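Chain and residue survey
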Amino acid sequence: MMLQSSLTAAVKPPQRDYYEIRIYHVKDAAQENMVDRYMQNAFIPAAHKAGIAKIGVFKPVGNDTAADRKIYVLVPYHSLEQFRDLPARLEADKQHATAGSDYLDAAYNAPPYTRMETILLQAFTEAPMMQLPALTGPKSERVYELRSYEGPTEKLYRNKVQMFNKGGEVRLFKRLGFNAVFYAEVLSGSHMPNLMYMTTFENKDDRDTHWKSFSADPEWKTLVALPEYQHNVSHQDILFLHPTEYSDI
């Protein structure tokens, strides 16, 4: 019995992280600066104290000239309980309240954003934890690529998730050096059924070179041609992001 228990423990799959992606919509530089100050001086330090080590804050390329500016915040959790409990931890943190007072106590007619969205995700089995990218260049030049793949049905969506996991797509990205931060299934969001992942590059040229090698790779050509993995994506969104200077990621 002891041997059987040991074998069971040995093959137990690793715990999979959960991720929250917050999307702040802001109308102008004043709102953007308020969210930046809150993230840098209040939210991130308080989240660190709550046991969340690395938080990413990103802005889309061309954000400054967009009519609807956006700020993307990636928060990793080890459990759904940690996700559930964070708001209460923040509310009880006096330093968080003081450092984030202009954001937290903003008037109804001078809010820090026009809208906030939240996406909840769970990491893939083949990439159970978030990874920090091995990049060395300046943050201002880095390109983080956030991709979203929607499936035409729940069954075909699961097929695309399987393509990443058992099919070897995650391993292929790793072999080709895409510096992925996460791969995850969307548990709750406005676009469903859906998966999302983020890859990172030193700059735009580095990004283009990596994707060129991916498209030409024999393993990818074989995988994408397999009959069992056809027609499993109905819509994809590709977003290029720059990390803020204060981002942990």
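In this text, all values refer to a predicted model and were calculated from it rather than measured experimentally.

1. Things to note about the sheet that holds strand β4 (residues 115-123)
Read around the closed barrel, eight strands run β1-β3-β2-β8-β5-β7-β6-β4, paired in antiparallel fashion. The average angle at which neighbouring strand axes cross in this sheet is 35 degrees, direction not considered. Pairing of strand β2 (residues 56-60) with strand β3 (residues 69-77) involves three bridges; the strand directions are antiparallel. Within β3, the residue paired with Val 57 across the bridge is Val 73. Against the sheet, helix α6 (residues 154-165) contacts β5 (143-150), β6 (182-188) and β7 (194-201), and its axis sits at roughly 35 degrees relative to β7.

2. Looking at the packing of helix α2 (residues 29-49) against helix α3 (residues 80-92)
In contact at an axis separation of 10 Å, α2 and α3 are set at 115 degrees when each is read in the N-to-C sense. The orientation of α2 relative to α3 falls into the category roughly perpendicular. The chirality of how α2 crosses α3 is right-handed. In this structure, α2 contributes Tyr 38, Phe 43, Ala 46, Ala 47 and Lys 49 to the contact, and α3 contributes Leu 86, Arg 89 and Leu 90. For the contact of α2 with α3, the residue count by class is six nonpolar, no polar and two charged.

3. A few points about the nonpolar core
Core analysis: the biggest nonpolar cluster contains 24 residues, and Met 39, Phe 43, Ile 55 and Val 73 have the highest contact counts within it. The greatest single-element share of this core, amounting to nine residues, is contributed by α2. In contact with Phe 43, not counting residues within four places along its chain, are Arg 22, Tyr 38, Ile 55, Val 75, Leu 86, Leu 90 and His 96.

4. Quick notes on the side chain of Asn 194
Summarising the element assignment, Asn 194 is placed in strand β7. Overall, the relative accessible area of 3% leaves Asn 194 in the buried class. In terms of polar contacts, Asn 194 uses its side chain to reach the side chain of Ser 148, at 3.0 Å. If we ignore the near neighbours within four places in the chain, the residues touching Asn 194 are Ser 148, Tyr 149, Glu 150, Tyr 157, Glu 185 and Val 186.

Parameters at a glance
- Residues numbered from 1 in each chain as written.
- Predicted model: local features only at pLDDT ≥ 70, side-chain atom pairs only at ≥ 80, totals over all residues.
- Heavy atoms only, no water.
- Pairing = 2+ DSSP bridges.
- Helix = DSSP H or I, 4+ residues; strand = E, 2+ residues; numbered from the N terminus.
- Axes fitted to C-alpha atoms, helices over the stretch in contact; angles between N-to-C directions.
- Contact = heavy atoms within 4.5 Å.
- Parallel < 35°, antiparallel > 145°, perpendicular 65-115°, else oblique.
- Left-handed = near helix turned anticlockwise from the far one by under 90°.
- Nonpolar A, V, L, I, M, F, W, Y, C, P; charged D, E, K, R; others polar.
- Core = buried A, V, L, I, M, F, W, Y, C linked by side-chain atoms within 4.5 Å.
- Buried < 20%, exposed > 50% of the residue type's maximum accessible area, 1.4 Å probe, protein only.
- Polar contact = N/O pair within 3.5 Å; in protein donor to acceptor, adjacent residues only side chain to side chain.

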